[in-house]
Every structure is written in structure tokens, then in C-alpha cells.
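Architecture and fold: a report
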Amino acid sequence: MDHEPIILGIESSCDDTSAAVLVGHKLLSNVIASQAVHTAYGGVVPELASRAHEQNIVPVVSEAIRRAGITAQDLDAIAFTRGPGLLGSLLVGTNFAKGLSLSLGIPMVEVNHLHAHVLAHFIEEEGEEHQSPEFPFLCLLVSGGNSQIILVRSASDMEIIGQTIDDAAGEAFDKCAKVMGLGYPGGPVVNRLANEGNPKAFAFSKPNVPGYDYSFSGLKTSFLYTLRDELEKNPNFIEERKADLCASLQATVIDILMKKLRQAAKDLGIRQVAVAGGVSANTGLRDAFHDHARRYGWKVFIPKFAYTTDNAAMVAMNGYFSFIDGKRTELDAVPFARVTM
């Protein structure tokens, strides 16, 4: 091949259907169709998600190819999310990738959704200066389903050195937001209200878990008990103290996350530190990273907001690394719901 490979990425692990085209590290297009239907249910409904993917995938892929200014025949490979995620949703993306691979006569490359979040830091955009982390680096992956500290030795060699033993950080935000009546997803609302509140107004439980592992169930219980006790004294407590509750909750979650990350960075002697996943959009967490860069001499990498949520650009980026490594996926590959790295 005498040119940088052109990779189509397909992402369908949860409730966003996304397609992207990458040439080398450079992003040509990234199209995302989000599903509003789940808001009414307070969470993602798997059956509705897979049906929406079926409706969205053809127009989303077509639009990604059109915006990239190429034709389908120009593609060198198709990268698709094989897992983890919702099986019904993953099946739609996997089967579409198989059909397109057969019709175009080009290979498929499977992608681990969690690896893709980490490798989002290598996406380059036209006309923008870009700095990628140098290997090895640490990545804090935080989302509704995951809270992990990952030692990234290379694009293909990642090791989870710490992870949550119960709830994920994003899940803690969502569940606490739900009991305050803030709707779903709760994380962005908590973040917005936290900016107006006092982070020291309430003290919530911080777990003492060995090693680099996390736990957020005790914090959630402590939050619920605070609400219960205060509501007995004042039925309007939540409404009157919403901003302070969100600020204190957010500060506690960030403190728990950063304490373990700080320890890992110190123990391993690594100063290249990245953050990824949906919760990396949280402005408090971003501020904490910048603060640690100043205090500990870290070089920090924070993704653009467009790459914090599920997107196909990161899938295509992961696919690029795998493709140039010579990895290919057979047509009998089936998706998986859960995985360890």
C-alpha cells in the first residue's frame, strides 16, 4: 500500500450510532445519531436501542463517507466495535460491517470499545495542532459503566491496574441525580449545578479500598442517608440545597478518582497522564487534571468534548493501529457484552 490506510469506523455499543472516516491519524468525518427515546425511561432500553441502530446505521455510514469526500471503494478496512456493550446494539454494527466487508472485498478489524476511548487521544484534525501522549502513559477511563486506571504501554498493550469493584463514577452521578429528581443522564446536570454550589457544604463517605481499585457504592449510600435525614427535618431540603449537594458530590467523586491516579503515577514514575470516557467531559475533573499538571509536573491529555462520549472516530483510530499491525477479523466473529482488557 503506497498511501496511509483509509479506515471506516462503526460504533454501536450502546445508544449512539456513529460512523467515521480516518486517513492515517487524520479525521475526515465523524457522524453521530443519538437516541432521545431513552430519556423517558430514565436509562437505556436495550431493545429500543437496537431497533434505532437498525434505522440509523445506513444513513449514518453513507453520510460519513460523503462528508469525508471519498467513495466506499476508497476504503481499505472497516473497524467496528465488537464489545463490550449491549449485545443487540453490537449485533447491528457487527453484521453491517460484515456485509460491507463482503461487498467491498476489504478486511474487517474488531475494536475493543474501552481501548478505543484510550486511543481517542491520537485523533488529529485538519488545521489543528495536536499532541498525543507518549508511551507508556496512564489513562483514567471514567464513564457510566467503567472507572479504570489503565497502564498504556503501546496501542496494543494495555493493562488495567485499578478499577471499580462496584459502581462506576458515572453511575454514581446518574443514580444520585435520579434521587434528586434531576433526570437522566444525570452527570451533565450535576456538573452544571455543581458550578453554582459549595463543594465543602456536605461531607460524604470516601471508601478505603486497597491498591488502585475504586468503590463508589459507599459514597452513594452516604449521599442517600444525608438526603433521608435532612428531608425529615425539611421537606424542601433538596430543592433549597441542590447546587451544594451537586458540588459536594462532584468534589467527592473527583477526590476519590484523583487520589488513586496520583498514587499510581507516583509508584510507576509516569508523568504522562490522560483521561477518557464520558465523565472526562466533567469540568471539575478537567480542572483537577490541570491542577495536578501544575502541582506534580504531569503532562496531561484531555479529549475534546466530541471524543468523550461514544463515537466512531475513536473506533477508526483503534482500527488504524490494529490494521497496520496486521490484525484482521474473520467473518464468523460475534460481539461480546463484557470483557477484561
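Residues numbered from 1 in each chain as written. Predicted model: local features only at pLDDT ≥ 70, side-chain atom pairs only at ≥ 80, totals over all residues. Heavy atoms only, no water.

Per an unreviewed UniProt entry, the protein goes by the name tRNA N6-adenosine threonylcarbamoyltransferase and belongs to Porphyromonas somerae. Among the UniProt annotations of the protein, the heading Catalytic activity (unreviewed entry) holds the following wording: "L-threonylcarbamoyladenylate + adenosine(37) in tRNA = N(6)-L-threonylcarbamoyladenosine(37) in tRNA + AMP + H(+)". Quoted straight from UniProt, the Subcellular location (unreviewed entry) entry for the protein says "Cytoplasm". (UniProt positions renumbered as here; feature names shortened; annotations may be inferred.)

Focus on the overall build of the protein
From N to C terminus, the protein includes nine helices and eleven strands. Residues classed as buried in the protein amount to 54% of the 341 residues present. Summed over its atoms, the accessible surface of the protein is roughly 15000 Å², and 50% of this surface lies on carbon and sulfur atoms. Here the protein contributes 30 positive and 39 negative side-chain charges, whose respective centroids are spaced 6 Å apart. (Helix = DSSP H or I, 4+ residues; strand = E, 2+ residues; numbered from the N terminus. Buried < 20%, exposed > 50% of the residue type's maximum accessible area, 1.4 Å probe, protein only. Areas by Shrake-Rupley, 256 points an atom, 1.4 Å probe, with all protein chains shown as cover. Lys, Arg positive; Asp, Glu negative; His and termini not counted. Charge placed at Lys NZ, Arg CZ, Asp CG, Glu CD.)

Brief notes about the nonpolar core
Generally speaking, a soluble globular protein has its nonpolar side chains buried in company with each other. Ranked by size, the top nonpolar core spans 46 residues in total, and within it L138, L140, F216, L249, L257, L261 and L285 carry the most contacts. Those elements that place two or more of their residues in this core are strand 7 (137–142), strand 8 (147–154), helix 4 (169–179), helix 5 (187–194), helix 6 (217–233), helix 7 (237–268), strand 10 (272–276) and helix 8 (283–296). For this core, the element with the most residues is helix 7, which contributes 14 residues. Not counting residues up to four positions away in its chain, the partners in contact with L140 are Q148, I149, Y214, L257, L261, A274, V275, A276, L285 and F289. Within the second largest apolar cluster, 35 residues are counted, among which are F122, C139, V152 and F323. (Core = buried A, V, L, I, M, F, W, Y, C linked by side-chain atoms within 4.5 Å. Contact = heavy atoms within 4.5 Å.)

Some remarks on the environment of P136
Mapped onto the fold, P136 is located in the loop between strand 6 (124–125) and strand 7. P136 gets classed as partly exposed once you look at its relative accessible area, which sits at 42%. A C-alpha to C-alpha distance of 7.6 Å links P136 and I270, two positions 134 residues apart in sequence. In contact with P136, other than residues within four places in its own chain, are L151, V152, R153, I270 and Q272.

Brief notes about the packing of helix 7 against helix 8
Where helix 7 contacts helix 8, the two axes come as close as 10 Å, and the packing angle between them is 40°. Classified by the angle their axes make, helix 7 and helix 8 are oblique. When you trace helix 7 past helix 8, the crossing you get is right-handed. Two secondary-structure elements touch here, helix 7 through Q250, I254, L257, M258, L261 and R262 and helix 8 through G284, L285, A288, F289, H292 and Y296. (Axes fitted to C-alpha atoms, helices over the stretch in contact; angles between N-to-C directions. Parallel < 35°, antiparallel > 145°, perpendicular 65-115°, else oblique. Left-handed = near helix turned anticlockwise from the far one by under 90°.)

Structural notes on a nonpolar patch on the surface
Taken together, the side chains of V179, L224 and Y225 present a nonpolar region at the surface, about 260 Å² in accessible area. Structurally, V179 is set in helix 4. (Patch = residues over 30% accessible without salt bridge, like charges linked within 9 Å, V, L, I, M, F, W, Y side chains within 5 Å. Salt bridge = Lys/Arg side-chain N within 4 Å of Asp/Glu carboxyl O.)

Topic: the sheet that holds strand 1 (residues 6–11)
Taken together, the six strands give an open sheet; going across it, the order is 5-4-1-2-3-6, and neighbouring strands pair in mixed fashion. Strand pairing shows two members of the sheet lacking a second neighbour, strand 5 (108–112) and strand 6, which therefore form its edges. Pairing of strand 1 with strand 2 (residues 16–23) involves six bridges; the strand directions are antiparallel. Opposite L8, over in strand 2, you have V21 as the bridge partner. The sheet contacts of helix 1 (residues 46–68) involve strand 1, strand 2 and strand 3 (26–34), and relative to strand 2 the element is tilted by about 25°. Together, strand 1, strand 2, strand 3, strand 4 (77–83) and strand 5 form the strand contacts of helix 9 (residues 312–324), whose direction differs from that of strand 1 by roughly 130°. (Pairing = 2+ DSSP bridges.)

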